[in-house]
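# Structural overview
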Amino acid sequence: MKKVAISIFLMSLVILGVIASGCIGGETTSTVQSSKETPSSTETESQVSNVVIYGYESEMITLDPSIEFSNSIIMLANLYECLVKYTDKGLEPWLATSWEHNENGTEWVFHLRKGVKFHSGNEMTAKDVKWSIERTIRMGMGPAFIWDPIESIEIIDDYTVKFKLKYPANLPLIASSAYGAYIMDSAFLSKIGDDKAITEYLNQGHDAGTGPYAIVKYDPKTEVVFKKFDEYWGGWEKDQFDTAIIKIVPDPALREQMVTSGEVHIAKNLPLDDIPQLQQNPNIVLHEEPSFRVLYGMLNTKKEPLNNKLVRKALSYAVPYKDIVDYVLGGHGYIAKGPIPKGIMGYFEDLPTYTYDIEKAKQLLTEAGYPNGGFKLLLTYTQGDEAEGKVAEVLKAEWQKLGIEVEIRPMNWEQQWALARSDPQNAQDILLFYWWPTYPTPYDYLFNMFHCENETLFNLCYYCNPEFDNLIDQAVVLEASNPQKAEQLYKQAIELLIDDAPAIFFYSPNYIYAVHKSIKGFKAYPAYPEVVFFYELRKI
C-alpha cells in the first residue's frame, strides 16, 4: 500500500502547486483530456481491429515520471523506457546497451542505444539522460531517493554518460527502477517551462518518452488510450497492436465478466474463489507469477505490551502461516521467509523464521508476565482489502486462545497511515500492510520499514536498532562491488530483525492474470508490478 499512500501525498502537493499557480482554481488535475484526438474505447474499437484492452482496478495518479510513485507506472512503462530493464534473467539492456564501472563502484559509464527517437521526433542522447535524472533529483518527490548515491552526471559524448557517485552503489539496478528512472525528452519539455509547468503539461494527457506507445487519451478515472509509435526503435511486426487501452474497472467481479466475454483482454486481482472456474474456461489463459510483495503485520514496539520482545515473539509463534496461505490466498502464494521475497538479494531459505507453535507462544507470554494474556490489542487493516480482512479474522481467533482480545478496525489507508504516524502511544498495536520494492534491492524493504526514523514515515513499528542500521548501511554500498559480502551482512541484519520481532511476515502473494485466448506473448515482470508491456503482446 505504500506506493498509493505516497502518491496521494505527492498528488496533494501537485494539486496545491497547481492551485497556487491559479491555473485551475480549486479543481484537481484529474480527468483532463489532451488536445489530441481523443476517441473513446468504443469508438477506437470500431475504427481499428487490432486493439488490446487491460482491465485495471485503480484510477491513474499522474503522468509525470519524476513524481509518479504509484499505480500509474502501468502507463509510464509503455510510454517511457529506462536505461536498464530488470527481468527474470537479471539486468538487461534497454536504452543503454552496455555499462561498466570502476573498481570500487563509484563511477559508472553507460553506453546509449543509437537511433532512438522520442515521440516528438527528437533523438535520445546523453543530454536527455542527464536532464531526466537531475530533474527527478531536483524535484525531490516520491522516487527521487533512488538517486541518492549520485554526486554528478557527466556527458562524455552524445551516446556516453558517466555517473560519479558519493558512495559505491549498484547503479544499473537503480537505473532499472519502475519508479523515477524513465528518460524524458529534454529538448521538448524544456520549452514547456519550469518543473511545475512540465508536470501540469504532462498531467493534461501528454507524454515525452521513447516507448513503443504514445498517449492519445487520458481520463485517469475511466480509461487511457495509447497509439503505437511508428518510429519506435524496436520496430513493429504485423501481429502487434496498433492501439492499447487501460480501462478502469474497480469491481473484480465485473473485470472477470469482461475478460471472459472478451470485452477486455487482460485482467488481474479477480476473485480467488473463481480461479478454479476460470482455469476451466476455454476462453481464458491464466498466468500466475510470483510477486515481490509481502504482507506484514507491523507491531507497535513503543507501546505496552508489544514493547516487550517476548510478547512480540509469542504473537509471531501464534500465527498459522500455512493455514493463512491456504485460506486467504487459496494456495496462490507462499509463506514469507522474513521480510524479503523470493527473487531478490536478501531472500534466504534457511532463515530461522517463526512457525505455528501455540504452546511456545503460551510459554513466551508466561515469561513476559502475561501467563493468561489478559490484554487487548487494536489491529487495523485497509478497508476493502478482502485478504487483509481474512488475515485479521484468523489472528483474532488464534490469539483468543492466548487470552488476548483483538479489536479489528478496517480503515481507509489515509486514516490508517495517519493513526500510525501519530503518537505511538495512541496508535494501533498492529497494522497490516504490503510492501513492494521501488527497485529490487533488500535495502528498499529494510531501510524504509525498519531503519531508525526521526519522523515516522513507513517504519510503522517504530523499530530502532543501531546494530541493524549499521549492517544494512554497510551492505547497500557493497551490493555492486562485493555482492557476496553484502548478502552476508543483509543476512545478519535480517536474523537480528527476526529475533527482535518488530513485525510478523505473513506471505508473498502471486499475481494472477486472466488473459483472453485471442492474446499471446503476455509476460509479467515482478519488478514492474502490474505493468502489462503491450509491445510484447501478439494477436492470435
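Residues numbered from 1 in each chain as written. Predicted model: local features only at pLDDT ≥ 70, side-chain atom pairs only at ≥ 80, totals over all residues. Heavy atoms only, no water.

Here we come to the packing of helix α16 (residues 466-476) against helix α17 (residues 483-500). Between α16 and α17, the shortest axis-to-axis distance is 8 Å and the interhelical angle comes to 160°. Compared by their axis directions, α16 and α17 come out roughly antiparallel. Crossing angle aside, the handedness with which α16 passes α17 is left-handed. Across the interface between the two elements, Glu467, Phe468, Leu471, Ile472, Gln474, Ala475 and Val476 of α16 pack against Ala486, Leu489, Tyr490, Gln492, Ala493, Leu496 and Leu497 of α17. Residues belonging to the contact of α16 with α17 are distributed by class as follows: eleven nonpolar, two polar and one charged. (Axes fitted to C-alpha atoms, helices over the stretch in contact; angles between N-to-C directions. Helix = DSSP H or I, 4+ residues; strand = E, 2+ residues; numbered from the N terminus. Parallel < 35°, antiparallel > 145°, perpendicular 65-115°, else oblique. Left-handed = near helix turned anticlockwise from the far one by under 90°. Contact = heavy atoms within 4.5 Å. Nonpolar A, V, L, I, M, F, W, Y, C, P; charged D, E, K, R; others polar.)

Here we take up the environment of Tyr370. Looking at the element boundaries, Tyr370 is found in the loop between α12 (358-367) and β15 (376-382). As a C-alpha pair, Tyr370 and Leu402 span 32 residues in sequence and 9.4 Å in three-dimensional space. The residues contacting Tyr370, other than those within four sequence positions of it, are Pro305, Val311, Leu365 and Phe375.

With that out of the way, let us pick up the packing of aromatic side chains. This model, assessed by the stated rule, comprises 35 aromatic pairs. Centroid distance Trp236 to Tyr535: 5.1 Å. Interplanar angle 75°. Geometry classified as edge-to-face. With Trp236 in the loop between β9 (223-228) and β10 (243-248) and Tyr535 in the loop between β19 (519-520) and β20 (538-539), the pair connects residues that are 299 residues apart, well separated along the chain. Residue class for Trp236 comes out partly exposed when judged on its relative accessible area of 21%. Linked through ring pairs, Tyr296, Trp413, Trp417, Phe433, Trp435, Phe450, Phe458, Tyr463, Phe468 and Phe505 together constitute an aromatic cluster. Of note, Arg293 hangs over the ring of Tyr434, and the distance from its end group to the ring centre comes to 5.6 Å. Positioned over the ring face of Trp417 is Arg421, at 4.7 Å from the centre of the ring. (Phe/Tyr/Trp six-rings, centres within 6.5 Å; stacked < 30°, edge-to-face > 60°. Buried < 20%, exposed > 50% of the residue type's maximum accessible area, 1.4 Å probe, protein only. Lys NZ or Arg CZ within 6 Å of the ring centre and 35° of its normal.)

This model, assessed by the stated rule, comprises three cavities of 30 Å³ or more. Of the pockets and cavities examined, the largest cavity occupies roughly 70 Å³. Lining the largest cavity are Ser316, Tyr321, Ala336, Gly338, Thr353, Tyr354, Ala503, Ile504 and Phe505. In terms of residue count, strand β18 (residues 503-516) provides more of the lining of the largest cavity than any other element does, three residues in total. Grouping the amino acids of the lining of the largest cavity by side-chain chemistry returns six nonpolar, three polar and no charged. The space that makes up the second largest cavity amounts to roughly 50 Å³. Classifying every residue of the lining of the second largest cavity by side-chain character gives five nonpolar, two polar and two charged. (1 Å grid on protein atoms, 1.4 Å probe; cavity = no way out; pocket = protein on both sides within 12 Å on 5 of 7 lines; lining within 4 Å. Points joined across faces, edges and corners; volume = space filled by probe spheres on them.)

We now examine the UniProt feature "domain: Solute-binding protein family" (unreviewed entry) in the protein chain. On the UniProt side, "domain: Solute-binding protein family" (unreviewed entry) is annotated at positions that read residues 91-454 here. Secondary structure across residues 91-454 comprises 29% helix and 24% strand; the distance between its end C-alpha atoms is 34 Å. (UniProt positions renumbered as here; feature names shortened; annotations may be inferred.)

This part is about the state of the cysteines. Taken as a whole and judged by the stated rule, the model has one disulfide. With a sulfur-sulfur separation of 2.0 Å, Cys452 is cross-linked through a disulfide to Cys464. The chirality of the disulfide connecting Cys452 with Cys464 is right-handed, given an S-S dihedral of about 95°. You can see Cys452 sitting in the loop between α15 (442-450) and α16 and its partner Cys464 sitting in the loop between α15 and α16, a full twelve residues away along the chain. For Cys452, a relative accessible area of 23% corresponds to the partly exposed category. (Disulfide = S-S within 2.5 Å.)

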